[in-house]
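# Fold and contact review
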Amino acid sequence: MNTKQKPIVRFAPSPTGPLHIGGARTALFNYIFAKQTGGKFILRIEDTDKERSEKKYEEDILSGLEWLGIKPDEIYKQSERTDLYQKHLDALIKSGAAYVSREAKKDGAEGEIAEVVRFKNPNKRVTFQDMVRGEVSFDTTELKDFVIARSVSEPLYHLAVVVDDFEMKVTHVIRGEDHISNTPRQILIQEALGATRPLYAHLPLILAPDRSKLSKRKHGEAVSLAHYRNMNIAPEAMLNFLALLGWHPSASDASEVLSFDDLVTQFQLQRVQKGGAVLDGNKLNWLNRQYLKKKDMIVK
Ligand code: GLU
């Protein structure tokens with residue numbers, strides 16, 4: 001990366017469900033980082049999965065971010081960028097980095113054949129420096145020749161992400177830890193496209209109070225940002241709460257009541273913790289009371 005270049009970050013949700021609390025935290029960390037560095041914050045709606053993507057979820061994402069006061073500099077939708085993916089897919093096929101494979105169709109009738117595009121795995125070790133997790137290394141051999149497009153005109157997630165990060169000149173990929181195992185595949189595709197590798201920062205998982213993984217099935221609405229909005233939590237309190245999911249101020253006696261401006265001054269991506277961040281409802285309620293008190297004082 002050119003050291004004079006301003007950072008470009010992105011929040012890339014798939015509109016396949018309401019904005020998740022972990023997604024809101026990812027958006028916030030990207031946004032704070034962009035504000036600290038004079039960089040650009042892109043919102044990219046990853047709606048290549050036509051069956052699962054829905055307009056109502058896209059709207060939920062946009063209104064959730066607006067409620068929190070997170071304002072993207074640019075907004076893109078992957079469904080409007082298919083020509084671009086096609087262009088890069090063609091180039092990969094031409095260079096021999098990917099190939100069309102005729103195979104028995106998954107869930108198809110017996111004897112039905114589908115043409116998918118597979119990436120020719122160079123079978124090597126991929127190592128990258130993660131700003132949160134340190135050195136991460138994977139042997140990609142077991143990934144085999146993975147599928148990057150359902151057909152020559154239908155790119156799948158890994159290809160679209162890599163093409164977009166490349167075309168949008170994304171410098172830092174700040175996203176949830178659930179994507180760490182996707183990174184080696186994405187780095188292999190980047191290398192085949194001749195793209196520069198962005199810096200990675202994988203944020204810790206958000207855990208339920210009993211330290212189990214937060215899941216829609218077990219925790220219901222509590223996984224979505226809208227739930228807290230409907231509970232009349234002040235957006236400033238929610239923003240403050242999200243910032244403390246995996247990060248805290250460096251001085252041990254520092255106040256945890258932090259405005260967005262305080263966060264821009266104090267937040268350090270390098271100090272994000274590796275271990276899971278536990279969702280503590282009592283803390284959210286306490287923070288909310290602090291903001292309500294402040295508002296009361298202003299009104300009086
Ligand atoms: N679209 C992916 C998701 O919603 C995120 C992709 C990324 O951040 O690289 O989980």
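Throughout what follows, the structure given in this document is the object of discussion. Quantities reported herein were computed from a predicted structural model and do not represent experimental measurements.

The next thing to look at is the overall build of the chain. Tallying secondary structure elements over the chain gives 10 helices and 13 strands in all. Radius of gyration (C-alpha) of the chain: 21 Å, near the 19 Å computed for a compact globule of 300 residues. Dimensions of the chain, computed from C-alpha atoms along their principal axes, come out at roughly 70 × 45 × 35 Å. Burial analysis of the chain (300 residues in total) assigns 46% to the buried set. The contacts in the chain between residues at least 6 apart in sequence include a share of 74% that link residues at least 24 apart. The average position of the 44 basic charges and that of the 40 acidic charges among the side chains of the chain differ by 3 Å.

Okay, the packing of helix α1 (residues 21-37) against helix α8 (residues 235-243) next. Two numbers describe how α1 lies on α8: the axes approach to 9 Å, and their chain directions differ by 85°. Classed by the angle they form, the pair α1 and α8 counts as roughly perpendicular. Along the contact surface, α1 presents I21, A24, R25, L28 and F29, while α8 presents M238, L239, L242 and A243. A per-class count over the contact of α1 with α8 returns 8 nonpolar, no polar and 1 charged.

Looking now at the site of the ligand. If you check the shell around the ligand, you find R10, A12, P13, S14, E46, Y157, R175 and H179 and nothing else. A12 has a polar backbone atom sitting 2.7 Å from a nitrogen atom of the ligand. Contacts to the ligand include H179, whose side-chain N or O atom sits 2.9 Å from an oxygen atom. A total of 300 Å² of accessible area belongs to the ligand in isolation, and the protein chains cover 81% of it. Judged by its atoms lying within 2 Å of the grid points, the ligand is housed in the largest pocket. Grouping the amino acids of the shell around the ligand by side-chain chemistry returns 3 nonpolar, 2 polar and 3 charged.

This part covers the sheet that holds strand β5 (residues 113-119). The sheet built from 4 strands is open, its strands ordered β4-β5-β8-β9 with antiparallel pairing. Strand pairing shows two members of the sheet lacking a second neighbour, β4 (98-104) and β9 (154-155), which therefore form its edges. Across 2 bridges, β5 lies against strand β8 (residues 147-151) in antiparallel orientation. Along β8, the bridge assignment pairs V117 with A149.

Let us now look at the pairing of strand β1 (residues 8-11). With burial as the criterion, each face of β1 is covered, one bearing I8 and R10 and the other bearing V9 and F11. Crossover handedness for the path β1 to α1 to strand β2 (residues 40-45): right-handed.

Following the criterion strictly, the structure yields 1 cavity of 30 Å³ or more and no others. By volume, the largest cavity amounts to about 30 Å³. D60, S63, G64, L225, A226 and R229 are the residues that line the largest cavity. Secondary structure elements with two or more residues in the lining of the largest cavity: α2 (55-68) and α7 (225-230).

A separate point is the side chain of T140. Within the secondary structure, T140 is located in the loop between β7 (134-139) and β8. Residue classification places T140 among the buried residues on the basis of a relative accessible area of 0%. Here K124 takes part through its backbone oxygen, which lies 2.8 Å from a polar atom of the side chain of T140. The residues touching T140, leaving out its near neighbours within four places in the chain, are N121, N123, K124, V126, P184 and L188.

Although it is not a glycine, K144 sits at a positive phi angle of roughly 55°. Along the polypeptide, K144 turns up in the loop between β7 and β8. Despite not being glycine, R211 has its phi angle at roughly 65°, a positive value. By the element assignment, R211 lies in the loop between β12 (206-207) and α6 (216-219).

Moving on: the pattern of salt bridges. This structure, assessed with the given rule, holds 22 salt bridges. Note that D164 and R81 form a salt bridge whose closest N and O atoms lie 2.8 Å from each other. Of the two residues, D164 sits in helix α4 (residues 157-167) while R81 sits in the loop between β3 (74-77) and α3 (82-95), which places them 83 residues apart along the sequence. Relative accessible area serves as the criterion here: at 14%, R81 is assigned to the buried category.

Moving on, we come to the layout of surface pockets. Reported here for the largest pocket is a volume of approximately 1,300 Å³. Along the wall of the largest pocket there are 44 residues; nearest its centre are P13, S14, T16, D178 and H179. Of all the elements in the fold, those that place two or more residues in the lining of the largest pocket are β1, α1, β9 and β10 (172-176). Take the lining of the largest pocket: its biggest share by element is 4 residues, from α1. Considered class by class, the residues forming the lining of the largest pocket number 16 nonpolar, 13 polar and 15 charged. Of the pockets and cavities examined, the second largest pocket occupies roughly 380 Å³. As for the second largest pocket, its lining consists of E103, A104, K105, K106, D107, A114, V116, R118, V147, R150 and L156. Residue assignment for the lining of the second largest pocket shows that the elements contributing at least two residues are β4, β5 and β8.

Conventions adopted
- Residues numbered from 1 in each chain as written.
- Predicted model: local features only at pLDDT ≥ 70, side-chain atom pairs only at ≥ 80, totals over all residues.
- Heavy atoms only, no water.
- Helix = DSSP H or I, 4+ residues; strand = E, 2+ residues; numbered from the N terminus.
- Rg over C-alpha atoms; globule rule 2.2 N^0.38 Å.
- Buried < 20%, exposed > 50% of the residue type's maximum accessible area, 1.4 Å probe, protein only.
- Contact = heavy atoms within 4.5 Å.
- Lys, Arg positive; Asp, Glu negative; His and termini not counted.
- Charge placed at Lys NZ, Arg CZ, Asp CG, Glu CD.
- Axes fitted to C-alpha atoms, helices over the stretch in contact; angles between N-to-C directions.
- Parallel < 35°, antiparallel > 145°, perpendicular 65-115°, else oblique.
- Nonpolar A, V, L, I, M, F, W, Y, C, P; charged D, E, K, R; others polar.
- Near = heavy atom within 4 Å.
- Polar contact = N/O pair within 3.5 Å; in protein donor to acceptor, adjacent residues only side chain to side chain.
- Areas by Shrake-Rupley, 256 points an atom, 1.4 Å probe, with all protein chains shown as cover.
- 1 Å grid on protein atoms, 1.4 Å probe; cavity = no way out; pocket = protein on both sides within 12 Å on 5 of 7 lines; lining within 4 Å.
- Sits in = over half its atoms within 2 Å of the grid points.
- Pairing = 2+ DSSP bridges.
- Right-handed = clockwise from strand over helix to strand, strands pointing away.
- Points joined across faces, edges and corners; volume = space filled by probe spheres on them.
- Salt bridge = Lys/Arg side-chain N within 4 Å of Asp/Glu carboxyl O.

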